[in-house]
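# What the coordinates show
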Amino acid sequence: MKEQIEQANGKLGILIPGLGAVATTMIAGVEAVKKGLAQPVGSLTQTGNIRLGKRTENRYPKIKDFVPLADLNDIVFGGWDVYEDNVYEAAVHAKVLELGLLQPIKAELEKIKPMKAVFDKAYIKNLDGKNVKEAATKYDLALAVMEDIENFKKVNNCERLVMVWCGSTEKYIEESDVHQSIYAFEAGLRNNDPLISPSMIYAYAAIKKGVPFTNGAPNLTCDIPALVELSKENNVPIGGKDFKTGQTLMKTILAPGLHARSLGIRGWFSTNILGNRDGLVLDDPDNFKTKEVSKLGVLEDILQPELSPELYGELYHKIRINYYPPHGDNKESWDNIDIFGWLGYPMQIKINFLCRDSILAAPIVLDLALFIDLAKRANMSGIQEWLSFYFKSPQTAPGLRPEHDIFKQLIKLQNTLRHMMGEDLITHLGLDYYQELVEAL
């Protein structure tokens, strides 16, 4: 497969629907790293190592030196937003990064101005921006996004493009007939079907233009049969959904450990407060339900109560998210976990995580953009389950249970990279070391 991977020559354009706190934090971060003002902490593609071969070989290169990823200096950014603020203004407004970091990169950020967005207030009631496209049909809106894609690529002299959805959480909807085939979906676009969301329009436009697409929100977006079908037809990699950042990140770290030790769990209560745009959007019950469904599935898939009913059969899992403006982007989460051990004796775990939501999400956006571009150059198409490491609700093939255990997800990601580059997959079995010793004796 190594010989099939196209080199990352020329510029890579990263297009982002939603130039809010997450996107501007990522863009500013990349520009700061390029100037040597900061380090890309949290980015696997920039700071992560990967083991190759046997442990005795001591081969642990940086991932960016092992696989042919786009260089940060070859990246250009663009995007859409319902507000007209350029990326510098939006970053200042988001109040995630300090002005002392933003000032040296102000000129670079001011150049990035949002294109008019596809927006439907029926999907996000609590936003009301004016920088919005108008068209007779949703199909016309999709064509307008395709035109934006073409113009951006031409003006910025890009060899390749990727798209990462960083927009807000849309209201909860379920799959319907219009989502079942590309024929039905395109008919729905022309007929303004209310069950086709703005995020689906972006995903459709990207896939139509051969642009890899990943979804950072819990929306029903590219995880519908119509767009999976289109991604295969057009040889485009896709992935989602919902960036795995604060509380869910902790769950996918802690729950696998409890499960590994066969410790029982009776209850897991989670509550969050945050005050950024995401918090405002989630203050609406319809939008909160989309997020809740994404977050609730994590424990069930890790613990699989049907296999161990004596340990997890009575698990009570509750999630709360509350909008609290004084916190801004500083999300605070509390978890109370009621566990039990030997002979059923009860214990408790309490977690208070004071995280920076966009600080945790920004490196995810960068990694997904670089990895999905790599997938495209490796001639991979359709669902990229190996990128589950980054998502709360990983997209999988129909009927395939998602893997939420972050450690298993990392093994899958690293083995996919090894496979791409013609290296041996690593099982961590390790018996060969001891067998060789016995034979030597």
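Residues numbered from 1 in each chain as written. Predicted model: local features only at pLDDT ≥ 70, side-chain atom pairs only at ≥ 80, totals over all residues. Heavy atoms only, no water.

Looking at an unreviewed UniProt entry, one finds the protein chain named Inositol-3-phosphate synthase, with Chryseosolibacter histidini as its source organism.

## Observations concerning the sheet that holds strand S4 (residues 158–165)
The strand order across the open sheet formed by 7 strands is S3-S2-S1-S4-S5-S6-S11, and the pairing between neighbours is parallel. The strands lining the two open edges of the sheet, one partner per strand, are strand S3 (115–116) and strand S11 (382–383). Across the sheet, helix H1 (residues 21–34) lies against strand S1 (11–17) and strand S2 (75–81), angled at about 160 degrees from S2, the strand it touches most. Sheet strands in contact with helix H7 (residues 138–155) are S1, S2, S3 and S4, and its direction is about 140 degrees off that of S4. (Pairing = 2+ DSSP bridges. Helix = DSSP H or I, 4+ residues; strand = E, 2+ residues; numbered from the N terminus. Contact = heavy atoms within 4.5 Å. Axes fitted to C-alpha atoms, helices over the stretch in contact; angles between N-to-C directions.)

## A look at the pairing of strand S7 (residues 264–274)
Burial within S7 is extensive, with 9 of its 11 residues counted as buried. In the sheet, S7 pairs with strand S8 (residues 316–323) via 8 bridges, with the strands oriented parallel. Its bridge partner being in S8, Ile-273 is matched across the sheet by Asn-322. (Buried < 20%, exposed > 50% of the residue type's maximum accessible area, 1.4 Å probe, protein only.)

## Description of the pattern of salt bridges
Under the counting rule described, the total for this entry stands at 18 salt bridges. Between Glu-423 and Arg-59 there is a salt bridge, with its nearest N and O atoms 3.1 Å apart. Residue Glu-423 is found in the loop between helix H16 (406–420) and helix H17 (431–440), and its partner Arg-59 is found in the loop between helix H2 (44–47) and helix H3 (63–66); the two are separated by 364 residues along the sequence. The partner of Lys-133 in a salt bridge is Asp-148, with the nearest N and O atoms 2.6 Å apart. With a gap of 15 residues between them, Lys-133 in the loop between S3 and H7 and Asp-148 in helix H7 connect regions that are remote in the sequence. The residues Lys-133 and Asp-148 share a single accessibility class, namely buried. (Salt bridge = Lys/Arg side-chain N within 4 Å of Asp/Glu carboxyl O.)

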